[in-house]
Amino acid sequence: PNGGSWRSNVLAFSNDNQLDDGLTFSSMATDNAGNAREIVPGGKDQSGNGNLTSIPSAAIRANGADYVHYFNIRNWTGWITNHSGLFKSVDNGQTWKKCETVLFSANSNFGMAGYFKKDGYVYMMGTHAGRNNPAYLARFKEADIENQSQYEYWNSSGNQWITGNESAAGILINEKVGELSFVYNTKHKKWILTYFSEDRYNITMRTAENITGPWSNPYELAVGTVYPQLYGSYLHPLSATGDHLYFLMSMWMPYNVFLMKAELADMGDF
């Protein structure tokens, strides 16, 4: 960051589905010089009052196109954002364009997000930008990903979906949730949610039979006393089947990302 070749985000492609020996990249989205290029533009304005950087927080393929949810940061002190939104690619990730019809405010509870497709819906969990807020739940038909007025939000009473009213969303996970990610595991027939817990200083996992809950007590996947300054816990799609949970975990120093593996045993009742 802040160097001469600072790009707020880049995109790698992988055909690797044997992850026990690591994750191999086959190519990158590149510029004309062959260097990995920035995908979602970040302004690099370091005044604290403008467009500093754009950070992808989730991605999904829907209707044959690829979508990236991102948040645009004004100032890292307090994770002050300008907005969150979507970028779209219709050529398998080679070029990207902003979706003007989807926009979340700086104070949205879906400033950061995770996605998973199931039963004709794209489910979206979200938090306010940062690591100090609870998680909320929304969904939409795959065809409506660019039609924000048709997004449905799981309400605060925990008993129905409310269409088009983001403020109706109720708390799903009532603790500090950072950099969440989730899948539905078809072998164990459970939703699996992972996130950074600042209070426990760990990567937390919770499970549920239904995405609306109830959610299990937290399991610890990785802890900061072993992996100092850990954060992020982004699940690889292969975690949706079988007994192996693969997730990408960052560590602030050496400022790098590591592929992690956990073994899923019989998780039984909550």
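Everything below is about the structure shown above.
So, here's what we can say about the structure. (Residues numbered from 1 in each chain as written. Predicted model: local features only at pLDDT ≥ 70, side-chain atom pairs only at ≥ 80, totals over all residues. Heavy atoms only, no water.)

1. Here's the deal with the sheet that holds strand 16 (residues 230–235)
The test is simple: For two strands to be treated as a pair, DSSP must find no fewer than two bridges joining them. In this text, helices come from DSSP runs of H or I with a minimum length of four residues, and strands from runs of E with a minimum of two, each type numbered from the N-terminal end. A fitted line through C-alpha atoms serves as each axis, taken over the contacting stretch for helices, and the angle formed by two N-to-C directions is quoted from 0 to 180°.
With antiparallel pairing, the 3 strands of this open sheet are ordered in space as 16-17-18. Each having just a single partner strand, strand 16 and strand 18 (256–263) make up the two edges of the open sheet. Going from strand to strand, the sheet's axes swing by 30° on average, the running direction of each strand aside. Here strand 17 (residues 244–251) runs beside strand 18; their pairing, made up of 8 bridges, is antiparallel.

2. Re the packing of aromatic side chains
What counts here: Working definition: a ring pair exists when centres of Phe, Tyr or Trp rings (six-membered ring for Trp) sit within 6.5 Å. Plane angles under 30 degrees give stacked, over 60 give edge-to-face, the rest tilted. Using a 1.4 Å probe on the protein chains alone, a residue whose accessible area is under 20% of its type maximum counts as buried, one over 50% counts as exposed, and one in between counts as partly exposed. Here, over-ring charges are defined by two tests on the NZ atom of lysine or the CZ atom of arginine: distance to the ring centre within 6 Å, and angle to the ring normal within 35 degrees.
Evaluated as defined, the whole model comprises 16 aromatic pairs. Plain terms: the ring middles of Trp252 and Tyr255 are 5.0 Å apart, the flat faces sit at 80° to each other, and that makes the pair edge-to-face. By relative accessible area, which is 46% here, Trp252 ends up partly exposed. Feature note: the residues Phe116, Tyr121, Tyr123, Trp154, Trp161, Phe182, Tyr184 and Trp191 constitute an aromatic cluster, connected by ring pairs. For Lys118, the ring lying beneath its charged end belongs to Tyr184, and the centroid distance is 4.6 Å. The ring of Tyr121 has Arg139 lying over it, and the distance from NZ or CZ to the ring centre is 4.1 Å.

3. Things to note about the environment of Leu259
For clarity, the threshold we go by: Residue contacts are defined here by distance: any two heavy atoms, one from each residue, within 4.5 Å place the two residues in contact.
With respect to the helices, strands and loops of the structure, Leu259 is situated in strand 18. Taking the C-alpha atoms as reference points, Leu259 and Ser239, 20 residues apart in sequence, are found 12 Å from one another. Not counting residues up to four positions away in its chain, the partners in contact with Leu259 are Leu19, Gly22, Leu23, Tyr246, Phe247 and Leu248.

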